Amino acid sequence: MSAESGNSATPTPRPSAASSAPAGRSDALARELRLQALSEVDRDLIRLVNDPLFSRWKEQIKAIGGCANPIYLSGSTITRDGLTGEVISSYSTDGEPGERLAVRCRNRRASVCEPCSRLHAGDTFQLVRAGLSGGKGVPDAVRDRPRLFVTLTAPSFGPVHRVLDGERCRPRRDDPRCEHGRRLGCGLVHTEDDPLVGLPLCPDCYDYTGHVLWHAHAGRLWDRFTTAVRRYLASAGGIPRSKLGDHLVVSFAKVAEFQRRAAIHFHAVVRLDGPDGPASSAPAWATEDVLLDAVEHAAASSFVTVPDSDAYGTERVSWGGQFDAHPIRSFPAGDASSDMEGDTPSDSAVAGYVAKYVTKGAAETAAGLDYRVTSLEDIRAAVVNRHVRALMGTCWRLGGLAELEHLRLRAWAHGLGYRGHILTKSRRYSTTYGALREERADHRRGEPKPVDDPDTVTESAWRYAGSGYTPGAAEFAAGIAESHAQSLQLAKEDAEDRAQWAYNA
């Protein structure tokens, strides 16, 4: 029968799959669609805050100051009575988020982890300052000892563009050229942010081999320098070198800094104590002037001979001509004008300078890369200027020579051949980073760490359980780090204001 007959009933439309689904399922699908429209970071943030252990996770990240790349550990520590076996105290990560505990990465470079670098800078300041002014287990009497702030530089490997406070870089009346046809002068006035600063005037004339070999032997050269200082002091006091320790102790704290030409130079604090270290005074003949003569003589006379090679001939590593040494003076606490008095630095100025430098990343100091390279392709792809790339390439080339295998130049190509620590010190100079960390942990606990009890037994079992953050967690941690930095800045400004008011009063 046709539709026009009017005798057929209108068919009832079938319900769609969506309308037939339970209401709860429809809501879940809608939520899923909304989540998919969000960014990966936003989705991860929602997951994070809805975790039942989110509050505890936040406590962990606050405790490590918002570390940018935390290390996670899983395990437990149990302390028992040695006689009865009774459990005195215990801790396990079983109840922690993800069954793991976050700890700081402790990276000193601000480009890698700013929160940890800030903490490292503070520890460095305390470590250097304690050896100059006392505290942290060092007697205050070190203020009155002969002390110098010494700068030791690398030699010249070829002329580079430089900043001269508004003056022209390398003015020349004529227009001399090198054998490669490049100008040996530069009439430009460079600023600190000029990318030309530190680059050779002629890369083909530049002694890249000598530069890399100097870096590779800088640590040994420093050892020769300290030995020469002690030898000179023994001679000045009429003492056999082997008996010098019975009369005085020479303490050092040294920081390595990369110049704009990508060459290492050292800043060092040198202090004279008596035979018992910081607790005793040096003999009367060991004056500041004698110490100054000793470091000047050592800088001029110390050197290291590099093994001969057909690839580069004979190389002799020594210090550059830009040697500098100044006495360090103590000034009253709170004296805001006391950082420098003429050319004489203060305790705080020296400690502050060293602490500021040790946190700089490689990209900030023309020091290569913050990560290792494993091939020439890595060097070609590195985001560095052509001068640094040439130094890294020279490390790779020299690293293939059998006579230089012991220098591990390829493994340290990212550091331009320098494999020493940024900060080193002699044992008796002052406290240690480990002692400072223990003191900070005691402060957070509110009481000193209990002394090991011989009647107790501690069992610990820990393992590595990962590192880093998910995208949302990284955003949350960055906010915690920023808030922590602001609190520290406000506290610093308040302390400076109090010190200034106290000094003016």
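Up top you'll find the structure we're talking about.
Conventions used here
Residues numbered from 1 in each chain as written. Predicted model: local features only at pLDDT ≥ 70, side-chain atom pairs only at ≥ 80, totals over all residues. Heavy atoms only, no water. Helix = DSSP H or I, 4+ residues; strand = E, 2+ residues; numbered from the N terminus. Buried < 20%, exposed > 50% of the residue type's maximum accessible area, 1.4 Å probe, protein only. Lys, Arg positive; Asp, Glu negative; His and termini not counted. Salt bridge = Lys/Arg side-chain N within 4 Å of Asp/Glu carboxyl O. Polar contact = N/O pair within 3.5 Å; in protein donor to acceptor, adjacent residues only side chain to side chain. Contact = heavy atoms within 4.5 Å. Phe/Tyr/Trp six-rings, centres within 6.5 Å; stacked < 30°, edge-to-face > 60°. Lys NZ or Arg CZ within 6 Å of the ring centre and 35° of its normal. Axes fitted to C-alpha atoms, helices over the stretch in contact; angles between N-to-C directions. Parallel < 35°, antiparallel > 145°, perpendicular 65-115°, else oblique. Nonpolar A, V, L, I, M, F, W, Y, C, P; charged D, E, K, R; others polar. Pairing = 2+ DSSP bridges.

## With respect to unusual backbone geometry
Now for step 1: The backbone of K136 sits at a positive phi, close to 55 degrees, despite the residue not being glycine.
Now for step 2: Following the sequence through the fold, K136 ends up in the loop between α5 (114–133) and β4 (147–152).
Now for step 3: You will see that L416, though not glycine, has its phi angle at about 60 degrees, which is positive.
Now for step 4: In this fold, L416 is placed in the loop between α11 (386–398) and β12 (423–425).

## Some details on the side chain of R104
Now for step 1: Relative to the helices and strands, R104 is located in the loop between β3 (101–103) and α5.
Now for step 2: An unpaired buried charge is present at R104: no salt bridge exists, and D123, the closest side chain of opposite charge, is 8.4 Å distant.
Now for step 3: Of the polar contacts made by the side chain of R104, one reaches the backbone oxygen of I64; its length is 3.1 Å.
Now for step 4: Filtering out sequence-adjacent residues up to four positions away, R104 remains in contact with I64, G65, C67, I71, P115, C116, L119 and R444.

## So, the pattern of salt bridges
Oppositely charged side chains are able to pair whenever their charged atoms sit close together.
Now for step 1: The tally for this structure, following the rule as stated, stands at 18 salt bridges.
Now for step 2: Notably, a salt bridge pairs R182 with D204, separated by 2.8 Å at the nearest N-O pair. With R182 in the loop between β4 and α6 (208–236) and D204 in the loop between β4 and α6, the pair connects residues that are 22 residues apart, well separated along the chain.
Now for step 3: Judged by relative accessible area, which is 48%, D204 ranks as partly exposed.
Now for step 4: One network of salt bridges, with partners in common, ties together R56, E59 and E96.

## A short note on the packing of aromatic side chains
Now for step 1: Counted under the stated rule, the structure contains 14 aromatic pairs.
Now for step 2: Taken together, W214, W222, F225, F252, F258, F266, W319 and Y418 form an aromatic cluster joined through their ring pairs.
Now for step 3: Residue placement shows K254 over the ring face of W222; its charged tip is 5.5 Å from the ring centre.

## Details of the packing of α6 against α11
A pair of packed helices is characterised by two quantities: the angle between their axes and the separation of those axes.
Now for step 1: Across the interface, α6 lies against α11 with an axial gap of 9 Å and an inter-helix angle of 75 degrees. One element, α6, and the other, α11, form an angle in the roughly perpendicular class. Taking contact as the criterion, the partners of Y208, T209, H211, V212 and L213 in α6 are, on α11, H387, A390, L391, T394, C395, R397 and L398.
Now for step 2: Of the residues contributing to the contact of α6 with α11, the split by class is 7 nonpolar, 4 polar and 1 charged.

## Regarding the sheet that holds strand β9 (residues 324–327)
Now for step 1: Pairing is antiparallel across the open sheet formed by 5 strands, whose spatial order is β9-β4-β6-β5-β12. Because the sheet does not close on itself, it has two edges, and the strands there are β9 and β12. Each strand axis lies, on average, 15 degrees off the axis of its neighbour in the sheet, ignoring direction.
Now for step 2: Sheet topology places β4 next to strand β6 (residues 264–273); 6 bridges connect them, and they run antiparallel. Looking at β6, one finds that R147 is bridged to R271.
Now for step 3: Here α5 sits on the sheet and contacts β4, β6 and β12; the angle it forms with β12, its principal contact strand, is near 30 degrees.
Now for step 4: In the packing of helix α7 (residues 288–301) onto the sheet, the strands contacted are β4, β6 and β9, and the crossing angle to β4 comes to about 15 degrees.

By themselves, these are just geometric observations and shouldn't be taken as functional.
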